[in-house]
Amino acid sequence: MISGRDIRLSRVVVRLAAVLYAVAAAGATSVAAQPAAQTADWGLPQLMQDLAQVKAASAQFTERKTVHMLSAPLVTSGTLNYIAPDRMQKITVSPKLERFVLDGDQVTIAGGPDHQVHTFSLADYPQIGGLVEGIRATLAGDLAALDRFYVVQLSGDPSNWQLLLQPKDNDLTRFVKWIRIVGSQDRILDVETEDTDGDHSDMSIVEDAGDAR
Amino acid sequence: MPARRLALGVWLLAVVICVGVIARTHLRTDMTAFLPRSASAAQQVLTEQVSNGAASHLILLGIEGVPPQILVAVSKSMAARLRPDAAFVDVSNGDDASFAGVRDFVWRNRYVLSAGTTADRFTVAGLHAALANDLELLGSDVGMLIKQTLPNDPTGELLTLLNQLAAAKGPRSRDGAWLSAGGSRALLLVHTRAPGFDIDAQQYALARIGDAFDGARAAVPGAKAARLLETGPGVFAVRTRDTTKRDATRLSLLATAAAASLLAFAYRSPRVLLLGLLPVASGALAAVAAVSLGFGFVHGITLGFGVTLIGESVDYAIYLFTQTARGDPAGTTLVRIWPTLRLGALTSIVGFSAMLFSGFVGFAQLGLFSIVGLIAAAAVTRFALPHLMPRGFFAAGAGVLARPLLAVIKCRRRLRPFIALIALIGAVALALHRGGFWDKDLSHLSPIPAADQAIDRTLRHDLGVPDLRYFAVFRTADEQQALAESEALAVTLQTLVVQRRLGGFDVPSQILPSDRTQRVRRMVLPDADILRTRFNDARVDLPFRPGTFDPFFRDVAAAKTAPLLTRASLPPALALQLDSMLVHHGDGWDVIAPLRDVADPGGVAAAIAAAQLPGVAFVDLDRESDRLLHTFQNEATLLASIGSLAILVLLFVGLKSPARVIVVAAPLAASVIVTAALLTMDGGALSIFMVVGFLLIVAVGSNYCLFFERRDHDVATQSRSVASIVLANLCTVSAYGLMSLSGIPVLHDIGITVAIGTFLTLFFAAVVTTRDVAAQPAADRVGHRAQSPREERDRLPLP
């Protein structure tokens, strides 16, 4: 019974993780546009360090989900907000208003099809807590902590980089094959998620100008 | 010697009959059997729950002392070792296997279990609404949640059911094993096949758990330092039995050794030493047989306590043996002391007989036990013992023991004001005592050490096993009625949940709906063709691929023809949960529905009453147990008072003089007062066990007083009489004194009370009650009657 809920929430978290990475990456690319990005020894440590500089970021997103049981893809759009160190919000505007908020340890989902507000604490779900801690570690530039949860691969160069995350944890690999974050110079282009069942989600992100750093 | 043969023949026959009765005796240990006949249904149900209910099968385990990763590995290894074991019904540690059974059951039977299975849901409009909702869910952030189950369950019954069943907060899991909040403990939940009161089976289960832990610790690298914590009703039962057994064995061996050395010193005859046990042993046999015949069963507590209550019959033999003068036949001694002995035994019998009228079955059994036991013991002392004593026996060493007390007796007149002062101080101390005299905390009566209670609280908290306090209970004639009425109750309770006056609830019908409801739910499921047609109409404007929902059609068709669910269909974990809420009880079925997070007990009680569900009562477990304890204490006090009055009346009848009654009763009253004052000296309260102790002080001490009150015709006889009392008292004080060393409340409380009280009685009675030796040889009775009332009054210690 409890695990039924855990499984459901694990999936929520996979999405949440992707979203957080998207926001984190969005902030990071803004920093990456700074001269530091031009150095010759650019790599994962440098990218992490840059991510840690982000204090706030906001962006518009369009997400396209391919679900095997549907004959047409599902398209949603809205806004993303991140405030360091641990507040994160995803507001879906179209086709329907829905709010997904992470504030510290608390996750709130509002406006879903059951029209109820669900709040739960990450501490109650260690696999989720581990994920979010991983993300916080990323934002703090702590690569070692990120390594605990994912096999991290960085490819490309500052003008066109790809961060491939493959979950290490068995609980997570049941739901998600990989998450790929694509960035180019000062633009985050895309967050892709491949589910274990072959379904695919592709979120393109357009960062708002003039974010606080 | 025909008298001798007759007496021994009758005794042997009686022993044989008693053994025959006892062999057929039904021994009960469940607490319901000890409860008042007048106990409310709620109290009986809840007490039975404690001893027999599903919760009593529960063992909570914690592993600690090593890093979290190793805890997880040990937890998994332990669970794998325990699961195949027939001693366990269910082993959960947070991994998938922990829930597989329940999840599979709920999944397969979702249409008969779900309240969502209504006719409306399966119309074209209902199906369209469900599918539109599904589409929305797929696009939302929780879309992943339903993807796997959607083809089978487009109407979302599983989610509804899981939400309903997962309402209670569970522990947190990490890598598939439950860990405590700080990650310092791995947690497991084990249901034993045997109930908690089956102590042998529980002990076996604990041994298996210990083996599994040792095996896991050896198999997992780095787990050497891991420690295992265990708690649960069965664990407590086993530990209590172990410590009680250990304490009782150790202390009774010590007590026997102490008493035996005293008696050996006094008697200098092993045969007489053993003969001294004959009255108490025969008494116990007769008492068990009588209780068995009178009540149809003997309670375990009656057995343990009863022997303590008739312990004074050991003294009977001591009086007989020690007061036999050198060269006198025992028969002669007996004829001389019999009136005193008889009155002493009658005093105790009358004192204990008040218990016969108790509403508590346990008290009533103890009453009958002690009455029959003491009568039998006195009869054996009177009719059988003298025939078995070695010819020419006398207690050679007893005289030495009497010397200190004889010295006290010599200067007793000077000591009397002192005794009066002590009694006065005791009375004043009691009068000034702040707070209640009664220990109201049930946990102080519990034999479970505080450290174990703390572990229990910790693990329960870690595992999120709620400490349930509030329940809705009712009783019906049959099982189906119970299920149907709990469906009605669920409607009322759900309203309270929606109003946020109640956090949640469990009713048996959530796990096993009534047959009627199951039939209705099966009936509203459309036939295959109709369903397919309606479904295709419903999804016409939605982007679902054709064929996606074929599993749904299969599942509905299967559900429509599946047999009705019964208790036998349930997986073990759910069967246990059902049994804890739906209890077959004699001629009826009890439903016990736990209520969680009751914000406003009064309001919830009123709402349940207002719903006018027949016979449904709101129960506050804490209040019920307080009330029970209160009744218990009131009754104990009442019975003790009635017993004391009855003893006074008996003494009047036996002694025929108010003055003599007073000199016999005064030391008893004084020693009970002073003992109570000493026990509550540090502001403490009296436990129920201490009241039993007071009763024993009076029972045992009254014999001392009566012997001191006898007028002996020469100094030698008086010395032997004093020696016998001293010997009896030394045995009692050493036995009960050793008992007071036990950490188990019942042993400690009775031990300390009786040891202090009887010693005080000995001293007080020696000073207050002892009479002068008669000037010339005279028969006792004549001597008493010759006493003038004025002389009697001169001896009174108090105005």
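All residue numbers refer to positions counted from 1 along the written sequence of the respective chain. Key to labels: chains lettered from A, ligands numbered from 1, both in the order written. Local features are withheld for residues below a pLDDT of 70 in this predicted model, meaning they are given only at 70 or higher, and side-chain atom pairs are given and counted only at 80 or more; totals for whole chains, interfaces and linings count all residues. With hydrogens and water set aside, each side-chain value is computed from the structure's full complement of heavy atoms.

Explain the packing of helix α20 (residues 479-498) of chain B against helix α26 (residues 601-610) of chain B residue by residue, including any values.
Helix packing geometry: the angle between the two helix axes and the distance between the axes. Residue and element names in this part refer to chain B. Each axis is a line fitted through C-alpha atoms, taken for helices only over the stretch in contact, and angles between the N-to-C directions span 0 to 180 degrees. Strands are runs of DSSP state E lasting at least two residues, helices are runs of H or I lasting at least four, and both sets are numbered from the N terminus onward. Running from N to C, α20 and α26 point in directions that differ by 145°, and their axes come no closer than 10 Å. As for how α20 packs across α26, the hand of that crossing is right-handed. For the pair α20 and α26, contact is made by Thr 492, Leu 493 and Leu 496 and by Val 604, Ala 607 and Ile 608, respectively. When its residues are assigned to classes, the contact of α20 with α26 shows 5 nonpolar, 1 polar and no charged. Crossing handedness: left-handed means the near helix sits turned counterclockwise from the far one by under a right angle, and right-handed means the same turn made clockwise. Contacts: residue pairs with any heavy atoms within 4.5 Å of one another. For this classification, Asp, Glu, Lys and Arg are treated as charged, while Ala, Val, Leu, Ile, Met, Phe, Trp, Tyr, Cys and Pro are nonpolar and the rest, including Gly, are polar.

An account of the pattern of salt bridges is requested, with residue identities and associated values reported.
Residue and element names in this part refer to chain B. By salt bridge we mean one thing: a side-chain nitrogen of Lys or Arg within 4 Å of a carboxyl oxygen of Asp or Glu. Taken as a whole and assessed by the stated rule, the structure comprises 26 salt bridges over all chains. Here Asp 506 and Arg 596 are joined by a salt bridge, their closest N and O atoms 2.8 Å apart. Of this pair, Asp 506 sits in the loop between β10 (502-505) and α21 (508-511) while Arg 596 sits in strand β12 (residues 588-598), and the two are 90 residues apart along the sequence. The exposure classification of Asp 506 matches that of Arg 596, with both residues buried. The closest approach of N and O atoms between Glu 709 and Arg 660, which form a salt bridge, is 2.7 Å. Separated by 49 residues along the polypeptide, Glu 709 in helix α29 (residues 688-709) and Arg 660 in helix α28 (residues 658-679) bring together distant segments of the chain. Looking at Glu 709, the relative accessible area reads 2%, which means it is buried. Connected through shared salt-bridge partners, Glu 64, Arg 185, Arg 227 and Asp 462 make up one network. The buried label goes to any residue with under 20% of its type's maximum accessible area, the exposed label to any with over 50%, and the partly exposed label to all in between, with areas taken from a 1.4 Å probe on protein chains only.

Lay out the pairing of strand β3 (residues 87-94) of chain A with the relevant residues and their values.
Residue and element names in this part refer to chain A. Two elements, strand β2 (residues 74-83) and β3, share 7 bridges in a ladder whose sense is antiparallel. Among the inter-strand pairings, Leu 80 is bridged to a residue of β3, identified as Lys 90. In this sheet, strand β4 (residues 98-103) lies alongside β3 in antiparallel orientation, the contact comprising 6 bridges. Paired with Met 88 across the bridge in β4 is Leu 102. Strand pairing is assigned whenever DSSP detects at least two bridges linking the two strands. Connecting the antiparallel pair β3 and β4 is a turn made up of 3 residues.

So, the nonpolar core: which residues are in play, and what are the values?
Nonpolar side chains in soluble globular proteins generally cluster together in the buried interior. All names here are of chain B. Residues grouped as a nonpolar core are buried Ala, Val, Leu, Ile, Met, Phe, Trp, Tyr and Cys residues, joined through side-chain atoms within 4.5 Å. With 117 residues, the main nonpolar core has Tyr 267, Phe 321, Leu 405, Phe 708 and Ile 750 as its most contacted residues. When residues in this core are grouped by element, the largest group, 17 residues, is from α29. If near-sequence neighbours (up to four positions away) are discounted, Tyr 267 is found in contact with Val 272, Leu 273, Ala 317, Ile 318, Phe 321, Thr 322, Phe 393, Phe 394, Ala 395, Ala 396 and Leu 727. Grouped together as the second largest cluster of nonpolar side chains are 40 residues, Leu 161, Phe 474, Leu 496 and Val 598 included.

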